[in-house]
Every structure is written in C-alpha cells, then in structure tokens.
Amino acid sequence: MAINLAEELSSITTNVAASDWREAIRRAGEGLVAGGVTTEDYTEQMIAAVEEHGPYIVIAPGVALAHARPSESVKKGGLSWVGLASPVEFGHKSNDPVSLVIGLAALDHTAHIEVLRAVAGILSDPATRRGLDAAESAEEVRSLLQCTASPSK
C-alpha cells in the first residue's frame, strides 16, 4: 500500500536558512527530533553518511533525502520537510543546488523504499513540484501533499 507523505511528516518548515549542506541536514534532523521520531544522534549519523558516501542523498534536481541506516537512534518511522530560503550545494554533479531537504527515519529498509517511491511520485508532477517549491508555510506544503495523495493503490 502506498504511503501518504502528508501523514508521515512530523515536521514541516519553510524558508529555512542554512549556510551549507551540513546545516541543511541538521535542520532536517531537528524536525525529526522535535517530532519524537529520532534522537539527536541520528542527525549526526545522517551527516556522517554523506561524509562517507558522498552526496548520494540528492535524489532529484534540488531535492535531498537525508537519512542514515536504521539504528537505535530511530524511535519510530517518520519524515521532516525543510524548504530552504536559499539553495545549498551538496556536491552532486547534476542535481545541485538543493532547495528541499526531506529527513527520513525508517525502522527498516522496506519503509525506506516506500518513502522513496512516494517522494518520486509527488516530485514527478511538474505542477505539484512548482507548488511545493513556492510553498511558504507548513499548511501549504501539507495541503499540496494531501491533494496529491492517491486513494488507490
């Protein structure tokens, strides 16, 4: 069954200032912590993953899906949404700069894949993507995501 991103989001922030990719990931991590999804250690694990493996988390033009392996730092599955005030470089050859960071905490690999599928579905629609990029409030983001959630499988 497809997941509804709007229902999975524990935190949505827009117009967030970040000086570099590490700070952008920290903002996504803060949302996960504030939503009771992870501990602060998970944020450091997300940063360490990019330091070790490079900017593989930049999954589409302008979009990073910040995450780390499931660990004891994940209390429950969930997402955070961070729209950046100014895009930042992650070092990705074709998808930089990033203006949206989605923080993902998954309890297992299957949940991670389901979130990727849902994000790809949402962002593949040009009109929805433009609306999400222009959203200036959590309510606008949640409304756009609710409208695009498919009731069918």
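Our structure's up above, just so we're on the same page.
Just so we're clear, the structure is a prediction, and the values are computed from it rather than from any experiment.

Q: Just to check I follow, could you spell out the side chain of Thr14 for this structure?
A: Topologically, Thr14 is positioned in strand S1 (residues 9-16). At 2.9 Å, the side chain of Thr14 forms a polar contact with the backbone oxygen of Glu136. Here Thr14 is in contact with Gly83, Ala135, Glu136, Ser137, Ala138 and Val141, once residues within four sequence places are set aside.

Q: I'm lost on helix H2 (residues 21-34) in this one. Help?
A: Taking 1.5 Å of rise per residue, 14 residues should cover 20 Å, and H2 covers 20 Å from first to last C-alpha, within 8% of that figure. All buried positions along H2 are accounted for by Trp21, Ala24, Ile25, Ala28, Gly29, Gly31 and Leu32. The arc that holds every buried residue of H2, seen down its axis, measures 155 degrees, which confines them to one face. Structurally, H2 contributes buried residues whose contacts are with S1, helix H3 (40-53), strand S3 (63-66), strand S4 (78-88) and strand S5 (98-105). Its side-chain oxygen at 3.2 Å from the backbone nitrogen of Arg22, Asp20 defines the N-terminal cap of H2. Just downstream of H2, Gly36 is the residue with a positive phi angle, here 75 degrees.

Q: What exactly am I supposed to notice about the packing of aromatic side chains here?
A: For the structure shown, the criterion picks out one aromatic pair. Relative to Phe90, the ring of Trp21 has its centre 6.2 Å away and its plane inclined at 40 degrees; by these criteria the two rings are tilted. With Trp21 in helix H2 and Phe90 in the loop between S4 and S5, this pair connects stretches of sequence that are 69 residues apart. Residue Trp21 shares its accessibility class with Phe90, and that shared class is buried.

Q: Hey, could you run me through the sheet that holds S3 in this one?
A: Two modes of strand pairing occur in sheets, parallel and antiparallel, and in both the strands are linked by backbone hydrogen bonds. If you trace the five strands from one edge of the open sheet to the other, you get S1-S4-S5-S3-S2, paired in mixed fashion. Either end of the sheet is taken by a strand with one partner, and the two such strands are S1 and strand S2 (58-60). Taken pair by pair, the neighbouring strands of this sheet meet at an average axis angle of 25 degrees, ignoring direction.

Q: Would you mind going over the environment of Asp96 with me for this structure?
A: Counting through the fold element by element, Asp96 comes out in the loop between S4 and S5. By relative accessible area, which is 17% here, Asp96 ends up buried. When the C-alpha positions of Asp96 and Pro55 are compared, they lie 9.6 Å apart, and in sequence the two are 41 residues distant. In terms of polar contacts, Asp96 uses its side chain to reach the backbone amide nitrogen of Phe90, at 3.0 Å.

What counts as what
Per-chain numbering applies: the sequence of each chain, read as written, is numbered from 1 onward. Residue-level local features of this predicted model are given only where pLDDT is at least 70; pairs of side-chain atoms are given and counted only at 80 or more, and the full residue set underlies all totals for whole chains, interfaces and linings. For the side-chain quantities, the full set of heavy atoms in the structure was used; hydrogens and water were omitted. In this text, helices come from DSSP runs of H or I with a minimum length of four residues, and strands from runs of E with a minimum of two, each type numbered from the N-terminal end. Two N or O atoms count as a polar contact when they lie within 3.5 Å, although within protein this holds only if one can serve as hydrogen donor and the other as acceptor, and sequence-adjacent residues are included solely when both atoms are side-chain atoms. Residue contacts are counted whenever heavy atoms from the two residues lie within 4.5 Å of one another. Multiplying 1.5 Å by the residue count of a helix minus one yields the expected span of that helix. Think of it in three bands: with a 1.4 Å probe and only protein chains considered, a residue is buried below 20% of the maximum accessible area for its type, exposed above 50%, and partly exposed in between. To be clear, the arc concerns the directions from the helix axis to the C-beta atoms. Aromatic contacts are taken between Phe, Tyr and Trp rings whose centres are within 6.5 Å, Trp giving its six-membered ring; a plane angle under 30 degrees counts as stacked, one over 60 as edge-to-face, and the others as tilted. Criterion used throughout: strands pair if DSSP finds at least two bridges between them. To get an axis, a line is fitted to the C-alpha atoms, and for a helix only the part in contact is used. The angle between two axes follows their N-to-C directions and goes from 0 to 180 degrees.

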